[in-house]
Number of protein chains: 2
Amino acid sequence: MSTSFPTGPVVPATSTRQGLGVSEVSLDPSGFWGLRQASNAGATLQHCLEWMERLGWIENFDRVARGETTLSRPGWQFSDSEIYKLLEAMAWELGRRPDASLAAVFDALVDRVGAAQDDDGYLNTAYGHAGLPPRYSDMAMGHELYNTGHLLQAGVARIRTGHDDRLAQMARRAADQVCEEFADGGRDAICGHPEIEVALVEAGRAFGEHRYIEQASLFVERRGRGTLAVRPLLSAEYFQDDIPVRQATVLRGHAVRALYLSAGAFDVAIDTDDHALAGAVAEQWQSTVARRTYLTGGMGSRHQDEGFGDDWELPADRAYCETCAGVASVMLSWRLYLATGDSRYPDLIERTLFNVVATSPSEDGRSFFYANPLHQREAGASASAGVNNRAEGGVRAPWFEVSCCPTNVARTVASLGAYVAAVDDQGIVVLQYAAGEIRADGFVLRVETRYPDEGTVRVRIIAAPESESRLRLRIPGWADSATVRVNADQVTHAAPGWADIRRTFEPGDEVLLELPLAPRLSWPDVRIDAVRGTVAVERGPLVLCLESTDLPPGARIEDVRIDSELALSALADGANARGIMVTPTPDADILPFGKARSIPSHSRPVELTLVPYHRWAERGPAAMRIFIPVTSR
Amino acid sequence: MSTSFPTGPVVPATSTRQGLGVSEVSLDPSGFWGLRQASNAGATLQHCLEWMERLGWIENFDRVARGETTLSRPGWQFSDSEIYKLLEAMAWELGRRPDASLAAVFDALVDRVGAAQDDDGYLNTAYGHAGLPPRYSDMAMGHELYNTGHLLQAGVARIRTGHDDRLAQMARRAADQVCEEFADGGRDAICGHPEIEVALVEAGRAFGEHRYIEQASLFVERRGRGTLAVRPLLSAEYFQDDIPVRQATVLRGHAVRALYLSAGAFDVAIDTDDHALAGAVAEQWQSTVARRTYLTGGMGSRHQDEGFGDDWELPADRAYCETCAGVASVMLSWRLYLATGDSRYPDLIERTLFNVVATSPSEDGRSFFYANPLHQREAGASASAGVNNRAEGGVRAPWFEVSCCPTNVARTVASLGAYVAAVDDQGIVVLQYAAGEIRADGFVLRVETRYPDEGTVRVRIIAAPESESRLRLRIPGWADSATVRVNADQVTHAAPGWADIRRTFEPGDEVLLELPLAPRLSWPDVRIDAVRGTVAVERGPLVLCLESTDLPPGARIEDVRIDSELALSALADGANARGIMVTPTPDADILPFGKARSIPSHSRPVELTLVPYHRWAERGPAAMRIFIPVTSR
């Protein structure tokens, strides 16, 4: 096996599988993801920069450089991380498609941030300078190592895209400082918000510094021992400081924290050949996905603590499903895939990308969802032009009081090419279907598709290794009647999992994958109380939803029933279903509970138009639901 | 009509109906509520006192008196209110049953608190003294007027129980200070946590100071205009500062805040003869009860913001149903009853008392529920002996980080007699059935009953007015086959609402009320997604629940189905039902959603033992549910 640098965000030390570099994949700007990359590059990056400039979050670095820090600095203690995530997004974008003007913006921002770095590598605008609390004085909530972790990830993105530049060196110096401060025998502490772990491992890989990985291992092992000072109204579980990582059986507490930690712990396990730790994380993934994950791939059932709920606690209306948790879930699944080659991981990545990550940004790339509920009872107020004080509201917002999601979307979309394919010792694996070109390991593949609107994926071989090799295509778990044809060969059925084509490929060879995109019903496990008696409709990788926008005038979304026994028909990218509108029985009692089983009356048929969930509220504020009660007949 | 002082907590200026004083009702210590009053007096009052002493919340007053205040004072900015609520509880308890030793404890505590009162009447341990922020410098979250409101209510309890003592005078001086500070032309502001409004009206009534009521009116009218500074992550709705009270149509935001405000606004409306305002509050009650209230009477669907949810958003598992919101709901309904005489209000009071207020304290009166969910998926950890850092946990806790509920339970239970009956211009009305004696308006009634375990209520006339008068009995909304018999008269059917017996009563007369206590099914409105396909069982005023404690070994509560077509049988205070245990279909997909409708298999019959919800977790941590999925056949 050979891997070529530059490469992608995750490069395990010991793996038969490697992801590609962002420059090895070009997505067509007309395709689903290429369009989003264009919007990200053309609008979101600048949008984030402007907001953070306007709010003074960038000037915080200038203030440190000028020695003018005060407690009244604008932004939360984790606002530095937003600048780092933006830098990471810019780094991937520059790696994907060099652009002199963006490079100049990037360099100028790096210079402003770099001017705030202390001589020993410490870099933070909320701690450790005159008038601010001392360094590491609030490990539970100070987010210093969390911020540093994002700085490291930005530096890694530069290394991975071929630039050992000032940002990369700032990251290296910051990582050195962390190791000096927190090594064995040093400050025996962890950060309340995991992130440094996953960042240190990748920094260790990128910079060839194994002690970074050892430091990450220390942070992972120190966790779960109740050492973080728990603030009033919080809990050790919130921080994953309740149970050591290798003893836990399911993810719990704050979802983004839990997922970042798991990604870091898995990286540590891989690079230290720790099968027990890797197995523990894989088991946690499995139980979390099986019992605490939404149909959209969203994770986090509770607004309180932005946290996971108990098993089967999956309310559609109060689903939190933070966009960042979607990003973090992709990060974790990607690592599990690279280590195992199991198709369940890219399956979940696809689900999460299309139904969480793609749901957050508006088409213009200038407003975002933070929480991604599966049911909106009341249409949100008109989109605000300003900062959304809450993570919710039913409409996308330009910016948030806590604004972690826009920059997380930006870095993920910019680096998305890296998740499209992988190489292993047999050849190349196409994991996600997006129109574009993939160049790796002697292969040049041209992927032509209008997926997910259409199910036809044509993979044209532009170049291939000269000896026999394997082209592996992922057949999604939902695709029960996929077919593959190579050139003029016979059409063969491809079961969910992998379709392997093994031959000595010639330029001009063509592999035709047909994925079934007929709308299909998805039934919840009977243990999920919140959506009992309902069904959802999916089409290919897309979860569909019903918006009040598409209902007859005067109809209320809570009065819709779907006829799950009648066939669904496909629309361009959604589906039509037969339903009825019901009139609820009038209130008989003072409470909404009665002695008789309530049977809605006065039903009339209605054609239900179901649209992709990721587009909801694009046509204005709307009530919305993914799970629709079924008619009882 | 005549009312006699001492009297109860609420005495509207213009009402044909008045509640009784706590000394006018004696509940037998063997009865449901008498037992709880005994436990409250014998354990809870001292328990609260000890905890607040231990935590330094009482010493905060000493520190003010000694001029030793610092920012590092223990307790939240609202901890003073807990001492005031405890004083109110003691005041009612002393009014109910004089006790020299309790009186000494009370006086000593009043002295310590009183020593902290400023010359101008201001009394607060977190603001307005050396080293603390200035008075009224944080109207949104400072809780100063909230604290003062509870001081006023404690003072009113003293007046209402015949003591115009130091505490009453402290309250009067504090009310004077509020009026001077916040009158028209003064500080044009409101408190983020309503409470001062309801307190000022009652203080105005108790002290005969109409300007207190005018001040309450000012606070009510100033609200809903967005003047409170909204903290990051909060909203104006949280504070009910989004819509003026008289324009709102439903309760929203923080539940306790919304209910206290409504009670105060209604009091203002009554005493100022403001029909529009009274009507607005009554409409808000109705829409809130019809669409945002749980079967238990609990209010507040969200842990986030301790708040109401949208219409039909009534998750059983994440129900917040704060104990204090139950107390506040009783306060509001009581005022609506006194003004209207409508039986729906005491109906909701009964439901809330038995299923929220009675659920909170343990039998020994030394631990409490804060939140009262209707579904606990995983048994809580063993009860802690210390402070519960969270409002949740599935087990009662001795004390909480925010510990508003224990003292709120204490003052409510101590004054509970006041809600048992009322007098009007026709005679006496028995509203709640509890063994004991009621003495008011020429009547002496001896109530003999084992309600709610048994449905027989015997009202013996010990004394009665000499002319014809009316004895009115409330027939609960759920009682569809109640009967009444007077002496040897014929048994008559009594429909839900009121049963009136009009005659010249003689000592020795006896009225026999039979309420039907057969267990019954309660079906949720079809618009409540969270409990679709389930049913609850009630018995008389009690909501029943299924605890994992009563399941066969190895059975999981999520696998229980109830057969809603088979008859329920009554137990001593619960019910038996036929059910089945199902084995869920094994996980076919990686997510808990599948292509086929999930049909649980391997069912086996099981006898379900349902117990009163208010007793749940008394036998140790347990999983629990009120709404049980029905068998689909």
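Quick look at the structure, then. (Residues numbered from 1 in each chain as written. Chains lettered and ligands numbered in written order. Predicted model: local features only at pLDDT ≥ 70, side-chain atom pairs only at ≥ 80, totals over all residues. Heavy atoms only, no water.)

## Things to note about the relation of the copies chain B and chain A
For the pair chain B and chain A, the best superposition has an RMSD of 0.0 Å and corresponds to a rotation of 180 degrees with a translation of 0.0 Å parallel to the axis. The symmetry that links the two subunits is that of a two-fold axis. Among all residues of chain B, the one whose C-alpha sits closest to the rotation axis is Ala530(B), at a distance of 2.1 Å. Of all interface residues in chain B, 100% are interface residues in chain A too; the two copies therefore contact each other through one and the same surface. (Least-squares fit on C-alpha atoms with pLDDT ≥ 70 in both. Contact = heavy atoms within 4.5 Å.)

## Thoughts on the pairing of strand β16 (residues 520-524) of chain A
The buried count for β16(A) comes to five of five residues, which makes it a mostly enclosed element. Side chains Arg520(A), Ser522(A) and Pro524(A) project from β16(A) onto one buried face, and the interleaved Leu521(A) and Trp523(A) project onto a second face that is buried too. Of the strand pairs in this sheet, β16(A) and strand β17 (residues 534-539) of chain A are connected by three bridges, and their pairing is antiparallel. Bridging from a neighbouring strand, Arg520(A) pairs with Glu538(A) of β17(A). In the sheet, β16(A) pairs with strand β22 (residues 593-594) of chain B via two bridges, with the strands oriented antiparallel. Across the sheet, Pro524(A) pairs through a bridge with Phe593(B), a residue of β22(B). (Buried < 20%, exposed > 50% of the residue type's maximum accessible area, 1.4 Å probe, protein only. Helix = DSSP H or I, 4+ residues; strand = E, 2+ residues; numbered from the N terminus. Pairing = 2+ DSSP bridges.)

## What to know about unusual backbone geometry
Cis rather than trans, the peptide bond between Tyr451(A) and Pro452(A) has omega equal to 5 degrees. Looking at the secondary structure, you find Pro452(A) in the loop between β9 (443-449) and β10 (456-463). Not every positive phi belongs to a glycine, and Asp305(B) is a case in point at roughly 65 degrees. Along the polypeptide, Asp305(B) turns up in the loop between α10 (275-291) and α11 (323-340).

## Thoughts on helix α9 (residues 255-271) of chain B
Helix length check: α9(B), at 17 residues, gives a terminal C-alpha distance of 24 Å against a target of 24 Å (1.5 Å per residue), a fit within 8%. Buried residues dominate α9(B), accounting for 17 of its 17 residues. (Expected span 1.5 Å × (residues − 1).)

## Observations regarding the interface of chain B and chain A
Each partner contributes to the interface: chain B provides 75 residues, whereas chain A provides 75 residues. Buried area between chain B and chain A, summed over both chains or domains, comes out near 6400 Å², and the portion from carbon and sulfur atoms is 52%. At the junction of chain B with chain A, the criterion picks out 10 salt bridges. In this structure, Arg390(A) engages Asp305(B) in a salt bridge whose closest nitrogen and oxygen atoms are separated by 2.6 Å. Between the two partners, chain B and chain A, sit 26 residue pairs in polar contact (both at pLDDT 80 or more). Residue classes in the side of chain B that touches chain A are distributed as 31 nonpolar, 14 polar and 30 charged. (Buried area = accessible area lost by both parts, 1.4 Å probe. Salt bridge = Lys/Arg side-chain N within 4 Å of Asp/Glu carboxyl O. Polar contact = N/O pair within 3.5 Å; in protein donor to acceptor, adjacent residues only side chain to side chain. Nonpolar A, V, L, I, M, F, W, Y, C, P; charged D, E, K, R; others polar.)

## Topic: the sheet that holds β10(A)
Residues and elements named next belong to chain A. Strand order in this open sheet of seven strands is β2-β8-β9-β10-β15-β12-β13, and the pairing throughout is antiparallel. Of all the strands in the sheet, the pair left with one neighbour each is β2 (25-27) and β13 (492-494). Neighbour-to-neighbour, the strand axes of this sheet turn through a mean angle of 20 degrees, independent of strand direction. As paired elements, β2 and strand β8 (residues 436-440) share three bridges and run antiparallel to each other. What sits directly across from valine 25, in β8, is isoleucine 438. (Axes fitted to C-alpha atoms, helices over the stretch in contact; angles between N-to-C directions.)

## Looking at the pattern of salt bridges
Applying the stated criterion to the full structure yields 125 salt bridges over all chains. Taking the shortest distance from any N to any O, the salt bridge between Arg211(A) and Glu209(A) comes out at 3.8 Å. According to the relative accessible area criterion, Glu209(A) is partly exposed, its value standing at 22%. Arg474(B) is paired through a salt bridge with Glu350(B); the nearest N and O atoms lie 3.0 Å apart. With Arg474(B) in strand β11 (residues 469-475) and Glu350(B) in helix α12 (residues 344-357), this residue pair connects regions lying 124 residues apart in the sequence. A relative accessible area of 2% means that Glu350(B) is categorised as buried. Look at the salt bridges and you will find they share partners, linking Arg302(A), Asp305(A), Asp310(A), Glu313(A), Arg318(B), Arg390(B) and Glu392(B) into a network.

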